[in-house]
Structure formats: structure tokens, C-alpha cells
Amino acid sequence: MDAVAPVTSVVGTVEVVNPGALTTVQDTGRFGWAHLGVPAAGPADWLSHALANLLVGNDAGAAALEGTLLGPTLRPRVDTTFAVVGGTATVDGEPTPVDASFPVRAGQRVAVRIGPGARAYLAVAGGFRGEPVLGSRAGDTFAGLGPAPLVRNDRLPVAVMPARPRRLRRDLLPPADGRLRVVPGPNDDWFEPDSVTDLLTGPYTVSTSSDRVGVRLSGTPLRRCRPGELATAGMVTGALQVPPDGQPIVLLANHGPTGGYPVVAVVATVDLPRIGQVRPGVAVSFTAVSRERAVRAYAELRAAMATAVV
Amino acid sequence: MRLRLAGDSALLVEVSDTVEAHRVRAALECARAEGRVPGLRETVAGQRSVLALVDPLACDPARVERVAASGVAGTAPAAEPRTVHIPVVYDGADLDWVAEHRGLAVDEVVRRHGAAVYTVAFLGFSPGFGYLSGVDPALHVPRRDSPREKVPAGSVAIAGDLTAVYPQATPGGWRLLGHTELAVFDPKRTPPGLFEPGDLVRFTPV
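Since the model is a prediction, treat every value here as computed from it, not as a measurement.

Reading guide: rules and limits
Residues numbered from 1 in each chain as written. Chains lettered and ligands numbered in written order. Predicted model: local features only at pLDDT ≥ 70, side-chain atom pairs only at ≥ 80, totals over all residues. Helix = DSSP H or I, 4+ residues; strand = E, 2+ residues; numbered from the N terminus. Contact = placed C-beta atoms within 7 Å. Buried ≥ 20, exposed ≤ 12 C-beta atoms within 10 Å, placed from the backbone. Pairing = 2+ DSSP bridges. Axes fitted to C-alpha atoms, helices over the stretch in contact; angles between N-to-C directions. Expected span 1.5 Å × (residues − 1). Arc of directions from axis to C-beta. Parallel < 35°, antiparallel > 145°, perpendicular 65-115°, else oblique. Left-handed = near helix turned anticlockwise from the far one by under 90°. Nonpolar A, V, L, I, M, F, W, Y, C, P; charged D, E, K, R; others polar. Core = buried A, V, L, I, M, F, W, Y, C linked by C-beta atoms within 7 Å. pLDDT = per-residue confidence, 0-100.

## Concerning the overall build of chain A
- Helix and strand counts for chain A come out as four helices and 21 strands.
- By principal-axis analysis of the C-alpha atoms, chain A measures approximately 60 × 40 × 30 Å.
- A fraction of 79% describes how many contacts in chain A between residues 6 or more apart in sequence connect residues 24 or more apart.

In C-alpha cells form, the structure reads like this:
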């Protein structure tokens with residue numbers, strides 16, 4: 001899965017009529033530079049991002065738009081094909097089929113409505129273009145690398161590729177469990193055993209100060225069983241970092257590559273899309289699984305993705 | 001050395017110090033380049049650890065562990081560290097404060113900061129921000145109680161037993177000793193950053 005698809009000529013633009021609350025361009029992420037302090041960025045919900053791309057015939061990792069809570073309104077300047085996953089869309093006020101690609105003519109207005117989760121992805125057949133930075137078109141909202149968040153009147157370059165109609169069969173994807181699966185560790189030994197039980201009993205509420213760097217949770221505080229501070233260590237997306245106040249922060253795609261708080265558990269890759277979609281105020285709960293089970297669930301999801309877009 | 005799981009997409013190799021961490025990272029990077037650890041995507045140095053980011057569907061943790069162990073044992077190939085030279089104008093806003101706090105003349109602060117050979121322990125905070133260990137104990141000072149809202153890019157600063165150069169204008173709580181004109185991080189340059197984990201660094205007063 002290459003972050004940057006082979007260069008094809010840019011033949012059109014998409015005009016930003018209204019950027020929404022926070023809309024960014026995201027490919028799979030800026031990989032290979034974490035050791036230099038560069039965040040990967042990429043989509044908060046990799047699954048919806050990939051499915052939107054597959055619906056328009058792109059590589060799963062092509063650059064698409066990620067909208068947050070309040071979706072963007074766009075006007076393509078070329079005839080093209082869009083797909084939205086994680087929300088719905090209207091074209092000149094008319095609803096488009098849900099979870100399916102739809103044709104758009106130059107000059108039509110496409111409004112994206114986000115929900116039920118916090119983020120929706122809009123892909124265009126051919127992909128969003130623009131100069132990659134360090135090999136990626138991921139908009140890094142923390143370090144300021146790659147394309148900046150959309151603003152009104154932006155003209156986003158796009159490649160144009162013919163696309164046949166496609167739709168998503170959600171019934172072919174494995175059902176999401178009610179609880180988020182986590183693999184305990186690597187620093188669970190920094191916490192009172194009771195506290196780890198508290199984490200797995202939950203629930204924890206998503207705070208309004210959450211962003212693409214991390215989802216802040218509030219609930220029963222986790223108590224440490226040892227003094228001192230952790231030596232700074234590399235951090236992985238999905239890590240439940242616990243600052244001294246005991247309220248976990250789940251690291252999302254735009255987290256820094258290193259951190260200094262102990263990590264009690266890490267969300268399984270298969271469930272990262274779900275933590276990337278939580279809205280402020282909702283309750284989440286966690287269940288511990290082995291690495292083997294987490295990998296198996298991820299393998300099943302990847303296999304299902306291959307057949308779910310028809 | 002101890003291998004800990006960090007979810008299904010990462011493995012944390014804990015070691016006893018920064019030197020060992022760099023040896024483990026070098027061994028893993030060499031094995032990755034030679035294709036000896038399928039599914040190993042990248043490695044991140046920490047103070048006393050290396051995080052291996054992996055493809056959960058392709059990586060066998062036991063292979064990561066074996067290669068990491070060869071790094072600790074010193075049986076894996078290790079490259080000579082490079083030395084990065086940073087010209088510094090010692091005109092920082094906290095230079096007088098540091099001198100006073102440590103009971104040293106300003107010239108002595110400059111002399112001691114410029115005399116040491118530092119090691120890039122790890123990077124983080126912002127792209128290209130290297131945490132450099134090896135600060136003269138006479139220069140150890142606490143961070144500011146409240147960080148500055150904007151530290152200028154190129155600022156050379158100290159905090160605790162570490163020194164650093166701010167690559168971008170960012171908020172920061174370290175004590176500013178001076179500045180360099182060098183661009184610490186430029187995404188258009190290859191490599192984009194001046195510092196890599198394990199590099200040696202010298203500051204030269206200009």
C-alpha cells in the first residue's frame with residue numbers, strides 16, 4: 001500500500017465552498033520519519049478512508065478528504081466521481097445513495113453531512129493531488145507538514161479517472177464489538193492491578209478537547225504503583241497514555257512519535273477506526289485481548305474489505 | 001533487554017541505556033534494509049528503548065527479538081557515529097539567568113556548552129527536535145515554570161541534563177543560550193533533519 005500513487009496528470013480542481021469544522025487531506029500517512037520526530041498523520045479512521053477510496057476505484061491509501069463533525073461543501077470544476085464513507089452527501093440538495101459512489105458534474109454543489117461518528121471521508125476517482133511532503137500527502141495538523149486544513153475558496157488539485165458505480169456491502173464486514181479491544185501493556189506494570197481492572201470495567205467518556213492527536217477520556221482515574229517518570233519512549237497509534245492525573249489519552253494518527261507517559265494498553269489495529277470516530281460526550285469501554293486475537297480480527301477485517309466493495 | 005508488546009502493530013524493546021538503544025536500533029534498521037525481518041516498518045529510538053513499528057499481518061515478534069538481542073550483544077554490525085557541527089551565536093535570552101543560577105561567568109557557560117560532545121539520544125516534540133545528552137553537570141538547570149509561547153527557530157537551549165536546537169518556532173520551556181543560522185529541519189532536504197539518533201554533536205561559538 002503505497003502512500004503516494006504513481007503520478008498522473010492533474011486535470012481538475014475541487015473548489016472549497018465551505019470547509020466545515022476541520023477538513024484535511026489525508027493519505028495513509030507519512031511513514032519512515034518517526035525517528036526524526038515526524039508524526040505519521042494519516043486518517044483517524046483508516047477503514048472508512050480506505051473504503052471511500054475503494055468505492056471510487058482508487059488504491060486504498062490514496063489522498064482523500066477527512067471531515068470532522070461539521071462536513072465541507074465542495075464544488076468540483078470537472079465531471080468526476082465521489083464517494084463518502086462515515087456520512088452522507090447531497091448533490092445540489094439531492095441526497096446521494098449511502099455508502100456508494102456517485103457521479104458529480106462540474107459546477108454542482110456537494111455537501112457532506114457527517115455521522116453517526118465524528119468523521120467522514122470523501123474520495124474522488126483519481127485522488128487528491130498536490131506536492132507530497134516527505135513522500136506523503138497527509139495533512140499534519142500538529143507539525144504543519146503537508147496540505148493545510150481546507151479554507152474557503154481553496155482549489156484542490158485532483159486527478160480525474162473514469163470510475164464505474166460501486167457500493168459498499170457493510171454486511172460483509174465483520175460486526176464491530178460493543179467494546180474496544182486493547183492489548184495490555186507495554187507499561188501496565190506501572191499501575192495498581194485494581195486500576196487496570198477499572199480501565200477494563202469502564203466506561204470512560206470522550207472529552208471535548210479531543211483532536212487528531214489524541215482522544216482524551218475521563219472516568220475512574222488510573223493509579224500508578226510506582227513513583228518517578230517513564231523514560232521517553234516511542235509511541236504507537238492507539239496507545240492509552242496515562243498522564244499523572246490518571247485520565248487516559250488514546251493517541252490518534254497525528255500523535256508525536258515519542259512520549260513520556262506510561263502506556264497501560266494499546267487499542268487493537270482492527271478497532272482504531274472506532275476510536276477515531278468517537279464524538280465528544282460518548283462513553284467507551286475496553287476489553288483486553290491477546291495480541292494473537294487482535295491480529296486475527298485484523299486479518300479477518302482486511303480479508304472482508306477485499307470483497308465488501310462491489 | 002526485554003521485549004514488550006505495544007498492541008499488535010508495535011513492539012517495545014527495553015534496554016538499559018541510550019547507547020544500547022542505538023545499537024539495537026542500528027541492528028534492526030540493518031536487518032530491515034536487508035529484508036531479514038519481514039513486516040518491520042520503522043524503528044523509533046527512546047531514552048532506554050526502541051519501538052519497532054510493524055505490520056501485524058507480516059511480522060513475527062520473535063524475529064524482532066532475535067535481531068534486537070544481537071544489537072545488545074554487539075554481534076550486529078554497527079556504523080561509526082557521525083559528528084554534526086553546529087555554529088552558535090551565544091546571545092540567548094536566558095544566558096545571564098543560567099550564569100547567575102549556576103554561579104558562573106557568562107563566558108564560562110559558553111565555554112562549557114561549547115566544550116562538550118553531545119549524543120543525539122532520540123527525537124520528538126517536533127520534526128527534527130533532537131534531545132542531546134551529555135550536558136556538563138555545571139550547566140544543569142530546570143525548565144522555565146511556564147513555557148514561552150514562541151521560541152524562535154534555531155534557538156539553542158538547555159534543560160536538565162539535555163540540550164537541543166528548536167527546529168521550528170514553537171512553544172518551549174527550555175533555557176535559551178543562543179541561536180544557530182542552520183536550518184535544523186527542512187522537508188525538502190535529504191535527509192530532512194540535521195540530527196539522527198546516535199549522532200555526535202558539537203557546538204562551535206561564532
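Read on for the rest.
## Points about the overall build of chain B
- A count of helical and extended segments in chain B gives four helices and 13 strands.
- Dimensions along the principal axes, computed over C-alpha positions, put chain B at roughly 55 × 30 × 30 Å.
- Sorting the 206 residues of chain B into buried and exposed places 46% on the buried side.
- Within chain B, residue pairs in contact and separated by at least 24 positions form 62% of the contacts whose partners lie at least 6 positions apart.

## Brief notes about the sheet that holds strand 10 (residues 162–165) of chain B
Residues and elements named next belong to chain B.
- The strand order 5-13-6-7-10-9-12 describes an open sheet built from seven strands, whose pairing is mixed. The open sheet terminates on both sides in strands that have one partner only, identified here as strand 5 (83–88) and strand 12 (175–179). Strand-to-strand twist in this sheet, taken as the mean axis angle between neighbours without regard to direction, amounts to 35°.
- The pairing of strand 5 with strand 13 (residues 200–205) spans six bridges and is classified as parallel. The residue of strand 13 that forms the bridge with Val84 is Val201.

## A short note on unusual backbone geometry
All names here are of chain A.
- At the junction of Gly115 and Pro116, the peptide bond is cis and its omega measures out at 10° in the coordinates.
- With an omega of -5°, the peptide bond running from Gly202 to Pro203 counts as cis.
- Inspection of the secondary structure puts Pro203 in the loop between helix 2 (193–201) and strand 13 (204–206).
- Even without glycine at this site, Ala41 takes up a positive phi of about 55°.
- Structurally, Ala41 is set in the loop between strand 2 (23–26) and helix 1 (46–55).
- Of note, the phi angle at Leu134 is positive, near 50°, even though the residue is not glycine.
- Among the secondary structure elements, Leu134 is positioned in the loop between strand 10 (119–124) and strand 11 (155–158).

## What to know about helix 2 (residues 61–73) of chain B
Residues and elements named next belong to chain B.
- Helix length check: helix 2, at 13 residues, gives a terminal C-alpha distance of 18 Å against a target of 18 Å (1.5 Å per residue), a fit within 8%.
- Restricting attention to buried positions, one finds in helix 2 the residues Val64, Val67, Ala68 and Gly71. For helix 2, the arc enclosing every buried residue in end-on projection is 100°, short of the 170-degree limit, so these residues lie on one face. Residues of helix 2 that are exposed and point over 90 degrees away from its buried face: Ala62 and Ala73.
- Against the buried residues of helix 2 lie strand 1 (2–5), strand 2 (10–14), helix 1 (18–33), strand 3 (40–45) and strand 4 (49–54).
- Gly74 sits one or two residues past helix 2 and shows a positive phi near 80°.

## Regarding the interface of chain A and chain B
- Between chain A and chain B, the contact holds 35 residues from the first and 33 residues from the second.
- Mapped onto the side of chain A that touches chain B, the elements with two or more residues apiece are strand 15 (233–234), strand 19 (263–267) and helix 4 (291–308) of chain A.
- Here the side of chain A that touches chain B takes six residues from helix 4 of chain A, the largest share from any one element.

## Overview of the packing of helix 1 of chain B against helix 2 of chain B
Residue and element names in this part refer to chain B.
- At their nearest, the axes of helix 1 and helix 2 sit 8 Å apart, and the two run at 135° to each other. One element, helix 1, and the other, helix 2, form an angle in the oblique class. Judged by the twist between their axes, the crossing of helix 1 over helix 2 is right-handed. Taking contact as the criterion, the partners of Glu20, Arg23, Val24, Ala26, Ala27, Leu28 and Ala31 in helix 1 are, on helix 2, Val67, Ala68, Ser70, Gly71 and Val72.
- Grouping the constituent residues of the contact of helix 1 with helix 2 by class yields eight nonpolar, two polar and two charged.

## Focus on the nonpolar core
- Counting 149 residues, the largest nonpolar core has A:Ala123 and B:Ala52 as its most contacted members.
- At seven residues, the largest contribution of residues to this core is made by helix 1 of chain A.
- Discounting chain neighbours no more than four positions away, the residues touching B:Ala52 are B:Ala10, B:Leu11, B:Val13, B:Leu28, B:Leu40, B:Thr43 and B:Val64.

## Remarks on the pairing of strand 13 of chain B
- Where strand 6 (residues 118–123) of chain B lies against strand 13 of chain B, two bridges are found, and the strand directions are antiparallel. Residue B:Tyr118 lies in a different strand from strand 13 of chain B, and its bridge partner there is B:Val201.

## Points about the sheet that holds strand 11 of chain A
Residue and element names in this part refer to chain A.
- The antiparallel open sheet is built from six strands, whose spatial order is 7-6-9-4-1-11. The open sheet has two edge strands with one neighbour each: strand 7 (94–95) and strand 11.
- When strand 1 (residues 12–18) meets strand 11, the two strands line up antiparallel, connected through four bridges. Across the sheet, residue Gly12 finds its bridge partner in strand 11, namely Val158.

## Describing the confidence of the model for chain B
- For chain B, the average pLDDT comes to 96, and 100% of its residues sit at 70 or higher.
- Note on the complex model: pTM 0.94, ipTM 0.95.

## A closer look at the pairing of strand 6 of chain B
Residue and element names in this part refer to chain B.
- With five of six residues buried, strand 6 lies mostly within the body of the structure.
- Judged from the four bridges that link them, strand 6 and strand 7 (residues 130–133) form a sheet pairing that is antiparallel. Its bridge partner being in strand 7, Thr119 is matched across the sheet by Ser133.

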